[in-house]
Amino acid sequence: DEVTGRGVAGYAPLSKLLTTDRLTALEELDLSENALFEEELGVPGAPKRVCASSIAQNGRFPKLRVLNLCGNSISSRETASLLTALQQQDAPRLEELGLSSGGGRPRAFVTEGRKMEKRRGERKSWSEEDEPGIHAFADALNSGCLSQLTQLTMVKRDDLSPESAIPLFRALSDRTAPQLRTLNVEVQEASSEESCQETMKAIIAAVRQGGLRHVENFTLDLEEFCAVSAHISLLFFALGSRVGPGSRLRKLDLRWDCMTDSDGQSLVGLAQILGAGGMPCLEDLSVVFQKEGAKGAEAFGRVLSTGRVPSLRKMYLDWPMSPVMSSFCEGLRVGNCPPELKMELHIHGNDGEREEGDVLVRLTETIRTGHMKCLQILRSFGVLFTSESAAGLGQAMADENAGMVNLEEVAFATCRSLSTEETAESFWRGLGRGSAGLRALRKVLAYYYADTAPAPLEHHFLSPRPLAAVVARGKVPSLSEIKVQVGVGDLEGVAALSACLWWFSPPSLTSLDVSFGPPAKTFEEETVYFRPDPLQQQQQQEEEEEEEAPAVEVQTFSRALPDFSRSLTRLEHLRLSNIQRPEAEFRSLCHGIQMARLASLRQLTLDHVCIMHEEAAGWLSAALNADTVPRLTVLKILKAALTDRKLKRLTDGWIRRPPPPLKELDLSLNRLTDEGALALGAFLALKRLPALLRVAIGENQCRMPRRWEDALKKLAGRLPEIVFCWSDD
């Protein structure tokens, strides 16, 4: 009935699948997150590349109803070939179709450097010949071959420009997909204001003429498309009118960015429609914009606080810290949001603009006075809190009048590392000063992101002291994640952490991340540290032997770990990092894990936890077995100075006693050589880890010679299900 080929590394098997005639009963085909239609197969006698049209040709899958090609980067021309094939008489009649993340330009345009620019007004005007995918989709709709379609997803497609979106929505306005229930569309940026206007007219017409009258879930992303506020308002009116789909809409997600600062007509239209009951079934609402006037924000907040949308259960807002947020808070203070409404609020600033402080004061006051009881998640990006404002926010949330019974998560993210940590710790201190608790709070996160693009958020460690004061008083009984740092010799920090773990009753903690000191090395230093020459190794060993002071904070924590077992019965993720000194601390750590018997633990990460010698690897093996960690499926030993002999000592222990049921083993960034890799393969061939699916040994000293590859081939018959990941560096 179903075939899933998500994330497959080799595409030859999938090419055979798409040319077989033996799966005539197939109903669902998921080929998402591949590069299937772009990669050369390299199979003798096979086509150079897989053609998407083969899915719909020759009556191969006559009963196919669900086709997911999202994340395939399928080109616009390849998309067109598929949609043309779907118009054939023996093609399947799809009900669900996913075509996200694709629509790339023809290679000739890329070669000539005529790429779409990110700044408005510099986008090239592409013709139908350049964007055949979306035009072919419109033709397929008009032909009637997609009349059974109930779900369509087309986001992050380069070819879904405003110009190509016009024929698409015109086809939908003719009711060519009368069964459509879910529509997710993202329109790319426009080359001119005229194309913006024409596209918005086509979208509004599709709604007004009943082409989307049965749609229940509608996502329209216009963030790259500089719209006019009045057009967004007209769209809201069309959605809420009786001839539109407003009477059926259950989920609406609308994202836009206005070309200029507007007077807020977009939110005015939304507020008027919701206030008049134009969307009586609406349960889930998302509103995201970058620029908008403040006029409609107050009206929108007023509609929510007075209960004019009784069906609404979930709301997601991503708004700037500007006067529009202040106006929204003023509207909320008119009444009280219904208790069944849950709101996720993202606020984004410009790293310290002066007006942000005034807006933050208004937001804090709205929370303190109990007019934002619906708040479930609050995340700030680029909003620079002072210590006073962060503490004030925490104290407001813990005020007895705030009634924050739904709040589950608070997160702070800025491009300034120090301010992020101070903000989160000040927030905890404010919580401690509050008169009430946050019964549903699960986590408080602090992130740092680079102000130069694209870099992932870096999760920061916090001091356990302000956290302990709140936990010990029972103010956060549902807290599920802790990420703290204990400095070298910081017994007070260990005591604070111990207090946190001791007071979790009933147990709620599912993730614990403890760093014993700051990260040890930069990336460049790690490269030297984990691949030193013999003289460096000898010098380092002598320095370690001369170091006499014990790491009391690690030993104190490890010895107390079994005492916390009653509070850790739900712990699923444990990460311990930066333990680089005497062997006694590692031995006590292994003993603590062994005696704690973490029955729910599913993932253990040891990062920068140095395994000094072979005997230490034996301690770790004894601590991690089927009795002590019966549910452990992921083990990561990173930057641990793990050598071939130490690895053998670890696996020998698992031969003598039952190992945990691992599915993933990550030994990256260590000192393993080819011999160690081969020995690991031989151990795996013993099937002591029958559930294992993935082994990562990248960034070691393995060069993966021919004999290693040959050894893997010999083991392939016994290890067909394991994926090996390594680096040639």
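In what follows, the structure referred to is the one given above.
Model, not experiment: these values are computed from the prediction.

Calculation rules
- Residues numbered from 1 in each chain as written.
- Predicted model: local features only at pLDDT ≥ 70, side-chain atom pairs only at ≥ 80, totals over all residues.
- Heavy atoms only, no water.
- Helix = DSSP H or I, 4+ residues; strand = E, 2+ residues; numbered from the N terminus.
- Buried < 20%, exposed > 50% of the residue type's maximum accessible area, 1.4 Å probe, protein only.
- Contact = heavy atoms within 4.5 Å.
- Areas by Shrake-Rupley, 256 points an atom, 1.4 Å probe, with all protein chains shown as cover.
- Phe/Tyr/Trp six-rings, centres within 6.5 Å; stacked < 30°, edge-to-face > 60°.
- Salt bridge = Lys/Arg side-chain N within 4 Å of Asp/Glu carboxyl O.
- Pairing = 2+ DSSP bridges.
- Axes fitted to C-alpha atoms, helices over the stretch in contact; angles between N-to-C directions.
- Right-handed = clockwise from strand over helix to strand, strands pointing away.
- Expected span 1.5 Å × (residues − 1).

Some remarks on the overall build of the protein chain
- In terms of regular secondary structure, the protein chain is built from 23 helices and 23 strands.
- The 729 residues of the protein chain split such that 55% are buried.
- Looking at the protein chain alone, contacts between residues at least 24 apart form 85% of all its contacts between residues at least 6 apart.
- For the protein chain, the accessible area works out to roughly 30900 Å², and carbon and sulfur atoms hold 48% of it.

What about the packing of aromatic side chains?
- Under the counting rule described, the total for this entry stands at ten aromatic pairs.
- An angle of 65° between the planes, with centres 5.5 Å apart, marks the rings of phenylalanine 412 and phenylalanine 427 as edge-to-face. Residue phenylalanine 412 is located in strand S13 (residues 409–414), and its partner phenylalanine 427 is located in helix H13 (residues 417–433); the two are separated by 15 residues in the primary sequence. Assigned by exposure class, phenylalanine 412 and phenylalanine 427 land together as buried.
- Taking the centre distance of 6.4 Å and the plane angle of 35° together, the rings of tryptophan 654 and phenylalanine 683 count as tilted. Here tryptophan 654 is found in helix H21 (residues 644–656), whereas its partner phenylalanine 683 is found in helix H22 (residues 674–685), with 29 residues between them in sequence.

Quick look at the pattern of salt bridges
- This model, assessed by the stated rule, comprises 21 salt bridges.
- The salt bridge partner of aspartate 652 is lysine 648, with a shortest N-O separation of 3.0 Å. Placement of the pair is aspartate 652 and lysine 648 together in helix H21, with a separation of four residues, close to one helical turn.
- Judged by its relative accessible area of 22%, aspartate 652 falls in the partly exposed class.
- By relative accessible area, which is 47% here, lysine 648 ends up partly exposed.

Topic: unusual backbone geometry
- Residues other than glycine seldom take positive phi values, yet arginine 175 does so here, at roughly 60°.
- As for its position among the elements, arginine 175 is in the loop between helix H5 (162–173) and strand S6 (182–186).
- One non-glycine residue, lysine 687, lies in positive phi territory at about 65°.
- As for its position among the elements, lysine 687 is in the loop between H22 and strand S22 (694–696).

Here's the deal with the sheet that holds strand S19 (residues 603–609)
- Taking strand neighbours across the sheet as the criterion, the eight strands line up as S16-S17-S18-S19-S20-S21-S22-S23 in an open arrangement whose pairing is parallel. Looking at strand neighbours, the two that pair on one side only are strand S16 (481–485) and strand S23 (723–725), the edges of this open sheet. With strand direction ignored, the average angle separating the axes of adjacent strands in the sheet is 5°.
- One ladder, built from three bridges, connects S22 with S23; its direction is parallel.

Focus: the pairing of strand S9 (residues 284–289)
- Most of S9 sits out of view: six of its six residues are buried.
- Burial of the side chains of S9 extends over both faces: Asp284, Ser286 and Val288 are buried on one face and Leu285, Val287 and Phe289 on the other.
- Sheet analysis places strand S8 (residues 251–258) next to S9, joined by six bridges and oriented parallel. Considered in S9, the bridge of aspartate 253 is made with serine 286.
- Bridge count for S9 against strand S10 (residues 314–320) is five bridges, and the pairing is parallel. Of the residues in S10, the one forming a bridge with serine 286 is tyrosine 316.
- For the crossover that starts at S9, traverses helix H9 (residues 295–305) and ends in the parallel S10, the hand is right-handed.

Describing the environment of leucine 620
- For leucine 620, the location among the structural elements is in helix H20 (residues 614–623).
- Leucine 620 sits in the buried class, given a relative accessible area of 2%.
- Considered as a pair, leucine 620 and glutamine 594 are 26 residues apart in the sequence and their alpha carbons are 8.8 Å apart.
- Look past the residues within four positions of leucine 620 in its chain and what remains in contact with it is Phe586, Cys590, Leu606, Ile611, Ile637 and Leu650.

Focus: the pairing of strand S7 (residues 217–227)
- Among the eleven residues of S7, eight are classified as buried, and the element is accordingly described as predominantly covered.
- Inspection of the sheet shows S6 paired to S7 by five bridges, in the parallel sense. Note on S7: the bridge partner recorded for asparagine 184 is threonine 219.
- On the question of chirality, the crossover connecting S6 to the parallel S7 by way of helix H6 (residues 193–208) is right-handed.
- With eight bridges joining them, S7 and S8 adopt parallel strand pairing. Along S8, the bridge assignment pairs phenylalanine 218 with leucine 252.

Overview of H5
- When the terminal C-alpha atoms of H5 are compared, their 16 Å separation across twelve residues agrees well with the 16 Å that a helix rising 1.5 Å per residue should span.
- With nine of twelve residues buried, H5 is to be regarded as a mostly interior element.
- For H5, the set of buried residues is Pro162, Ser164, Ala165, Ile166, Leu168, Phe169, Ala171, Leu172 and Ser173.
- Buried residues in H5 make contact with helix H4 (132–143), S6, H6 and S7.

Things to note about H20
- Counting buried residues in H20 gives eight out of ten residues, a clear majority hidden from the surface.
- Buried residues of H20: Ala616, Ala617, Gly618, Trp619, Leu620, Ser621, Ala622 and Ala623, and no others.
- For H20, the secondary structure elements touched by its buried residues are helix H19 (583–596), S19, strand S20 (634–638) and H21.

Fair warning: the whole summary comes from geometry, so function is off the table for now.
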